[in-house]
Amino acid sequence: MKPLVGYRRPALGTQPEHLYPPYASSVKRAPTQPLVLLPGTLSEITGPIFPKSIVPAKAFDLTHQSKGEPLGERIVVSGQLLDEDGRPVRDSLVEIWQANAAGRYLHKIDQHDAPLDPNFTGMGQTFTDGEGRYRFVTIRPGAYPWRNHYNAWRPQHIHFSLFGPAFATRLVTQMYFPGDPLLEFDPIFNSVPDEPARKSLISKFDWATTTPETSLGFRFDITLRGRNATPMER
Amino acid sequence: MNGRSTPSQTVGPYFSIGFAWLERRDLTAGAAGGACVNIRGRILDGEGQPVPDAVIEIWQADSDGRHAHPEDAAECSGAKTFFGFGRVSMNERGEFDFKTIKPGRVPGPDGKLQAPHLEVSVFMRGLLRRLITRLYFPGEPANETDTVLGLVPDDRRSTLVARANPAEPETHEWDVHLQGDQETVFFDY
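This structure is a prediction, so every number in the text was calculated from the model and none was measured. (Residues numbered from 1 in each chain as written. Chains lettered and ligands numbered in written order. Predicted model: local features only at pLDDT ≥ 70, side-chain atom pairs only at ≥ 80, totals over all residues.)

Asker: Please give an account of the overall build of chain A that cites residues and values.
Answerer: Of regular secondary structure, chain A possesses two helices and 12 strands. Scaling as 2.2 N^0.38, a compact globule of 234 residues should have a C-alpha radius of gyration of about 17 Å, and chain A matches this with 19 Å. Taken along the three principal axes of its C-alpha coordinates, chain A extends 55 × 40 × 30 Å. Counting over 234 residues, chain A shows a buried share of 45%. For chain A, restricting intrachain contacts to residue pairs at least 6 apart in sequence, the fraction spanning at least 24 positions comes to 72%. (Helix = DSSP H or I, 4+ residues; strand = E, 2+ residues; numbered from the N terminus. Rg over C-alpha atoms; globule rule 2.2 N^0.38 Å. Buried ≥ 20, exposed ≤ 12 C-beta atoms within 10 Å, placed from the backbone. Contact = placed C-beta atoms within 7 Å.)

Take a look at the structure:
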């Protein structure tokens, strides 16, 4: 049998703690007992590898899901999915969801008084290619109010869901936009203690994917956990 | 060049927009064998209130303890089509249910076989990163010697073991308590 190689733990401060009181919803939902450190077994170093056929070819384009085009600023969001050793994560499922240009989600519990867009669902999927690259065409989402604290507004963001090669590498995160004045006031963004890690959630304006007469480009590279250097005891 | 892993952020209240297309509450498709089992339960917050805006994901081996994954060195994987992934969102009352097959035993870190278990991720508004837990099966003798259960304090171990339901032998019940006296054991890995 091949020796098993586990996944190393993220660097200190690069992940939020479960309890972060400025984010009010964490107070009644974060565990209070210490987490138990798992040794990491075959159960965690395996994970779902989805066949590409589950995603329709056009699911990367959120601007062509309806008869008409959605309102708002058309953008291309692209990047590379890597592991901590800089290796591309190939053929891996990427899911996104977001608000429309007015800051409204197509969801029954979103009561924000902003218009829905009949031509925008806000959901997309794709797979990374052989170099770990992905690309979405979408609309720049609007900021929206929430009730975490007085006059609370979420900065513009797109939710990203990644699987990678293992149960251990599962990641759900949010991509933000450069220069957003709301970032410094947002408890979800600021829950990440390490500043460089926090700033890695902000996409970069990208001339390379900005298309003349069509759309601005933003680049968002995502890094999943890397593997240990040595095989696990088994 | 060594990068550092991207921080996790909450799924927020509207994750169903992105997740619903891959909802998978019946994991039994393609199973070559194994006992069918229904798992149902609730997720409860620090005030004991059910959480309607949560979703769990399941990952498990087949009835032979093999995973549909290239790193599980199955000698004869040709005919196996059991996938082992589930995604189950809560209903408006904070309840979930799914159907799967009881997995076989998977090798553990010390060369011993682990007791049958499901890997479970929990996502919801309020969780800045997922919670990781495991579901073990009731009445399973291997639970007594399972290495991972052995790492858990005695008085909290039962939070990881589903309850048998005498009225419905094929149904197990398992609640996830985020806080409180019965707080579920969550893992870091």
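Having seen it, we continue.
Asker: Mind laying out the overall build of chain B, listing which residues take part and the relevant values?
Answerer: If you tally the helices and strands in chain B, you get two helices and 10 strands. Secondary structure elements of chain B, listed N to C terminal, follow the sequence α-β-β-β-β-β-β-α-β-β-β-β. Its C-alpha atoms give chain B a radius of gyration of 17 Å, near enough to 16 Å, the size a compact globule of 189 residues would have. Each of the 189 residues in chain B was classed as buried or not, and the buried ones make up 46%. Considering only contacts in chain B between residues 6 or more positions apart, those separated by 24 or more positions represent 72%.

Asker: Explain the interface of chain B and chain A to me, and be specific about the residues and the numbers.
Answerer: Between chain B and chain A, the residue contacts involve 58 residues of the former and 69 residues of the latter. For the side of chain B that touches chain A, the secondary-structure elements that each account for two or more residues are helix H1 (16–19), strand E5 (117–124) and strand E10 (187–188) of chain B. Considering every element that reaches the side of chain B that touches chain A, the biggest residue donor is E5 of chain B, with four residues. Its residues assigned to classes, the side of chain B that touches chain A comprises 27 nonpolar, 19 polar and 12 charged. Both strand E1 (residues 36–37) of chain A and E10 of chain B contribute to a ladder of two bridges, which runs parallel. (Nonpolar A, V, L, I, M, F, W, Y, C, P; charged D, E, K, R; others polar. Pairing = 2+ DSSP bridges.)

Asker: Which residues make up the confidence of the model for chain B, and what values go with them?
Answerer: Scored by pLDDT, chain B has a mean of 93; 95% of the residues are at 70 or more. Confidence metrics for the complex model read pTM 0.96 and ipTM 0.96. (pLDDT = per-residue confidence, 0-100.)

Asker: So what about the sheet that holds strand E4 (residues 123–127) of chain A? Which residues, and what values?
Answerer: Residue and element names in this part refer to chain A. Read across the open sheet, the four strands follow the order E4-E3-E8-E9; overall the sheet is antiparallel. The open sheet is flanked by E4 and strand E9 (171–176), the only strands paired with a single partner. Averaged over all pairs of adjacent strands, the angle between their axes in this sheet comes to 25°, without regard to strand direction. (Axes fitted to C-alpha atoms, helices over the stretch in contact; angles between N-to-C directions.)

Asker: Can you tell me about the nonpolar core, naming the residues and giving the values?
Answerer: A general trend in soluble globular proteins is that nonpolar side chains are found buried together. Among the nonpolar cores identified, the biggest contains 95 residues, and Leu-162 of chain A together with Phe-15, Val-122, Phe-123 and Leu-135 of chain B are the most heavily contacted of them. What Phe-15 of chain B contacts, discounting residues up to four positions off in sequence, is Trp-97 of chain A together with Val-55 and Phe-123 of chain B. (Core = buried A, V, L, I, M, F, W, Y, C linked by C-beta atoms within 7 Å.)

Asker: Account for the pairing of E4 of chain A, with residues named and values stated.
Answerer: Residues and elements named next belong to chain A. Of all five residues in E4, four are buried, a share of seventy percent or more. Both strand E3 (residues 93–98) and E4 contribute to a ladder of five bridges, which runs antiparallel. Within E4, the position partnered with Val-94 by the bridge is Thr-126.

Asker: For the environment of Ala-101 of chain A, give the residues involved together with the corresponding values.
Answerer: All names here are of chain A. Looking at the element boundaries, Ala-101 is found in the loop between E3 and E4. Residue class for Ala-101 comes out buried when judged on the 21 C-beta atoms lying within 10 Å of it. Each C-alpha atom of the pair Ala-101 and Phe-163 lies 27 Å from the other, and the pair is 62 residues apart in sequence. In contact with Ala-101, other than residues within four places in its own chain, are Leu-71, Gly-72, Glu-73, Asp-117, Ile-139, Arg-140, Pro-141 and Gly-142.

Asker: Pulling in residues and values, what's your account of the environment of Glu-195 of chain A?
Answerer: Summarising the element assignment, Glu-195 of chain A is placed in helix H2 (residues 195–199). According to the C-beta neighbour criterion, Glu-195 of chain A is exposed, with 9 such atoms within 10 Å.

Asker: Tell me about unusual backbone geometry, and please be specific about residues and values.
Answerer: All names here are of chain A. Phi at Asn-151 is positive, roughly 60°, even though this residue is not glycine. Tracing the sequence through the fold places Asn-151 in the loop between strand E6 (144–146) and strand E7 (152–154). Of note in this structure, Glu-213 is not a glycine but carries a positive phi near 65°. Classification of Glu-213 by C-beta neighbours within 10 Å gives exposed; the count is 4.

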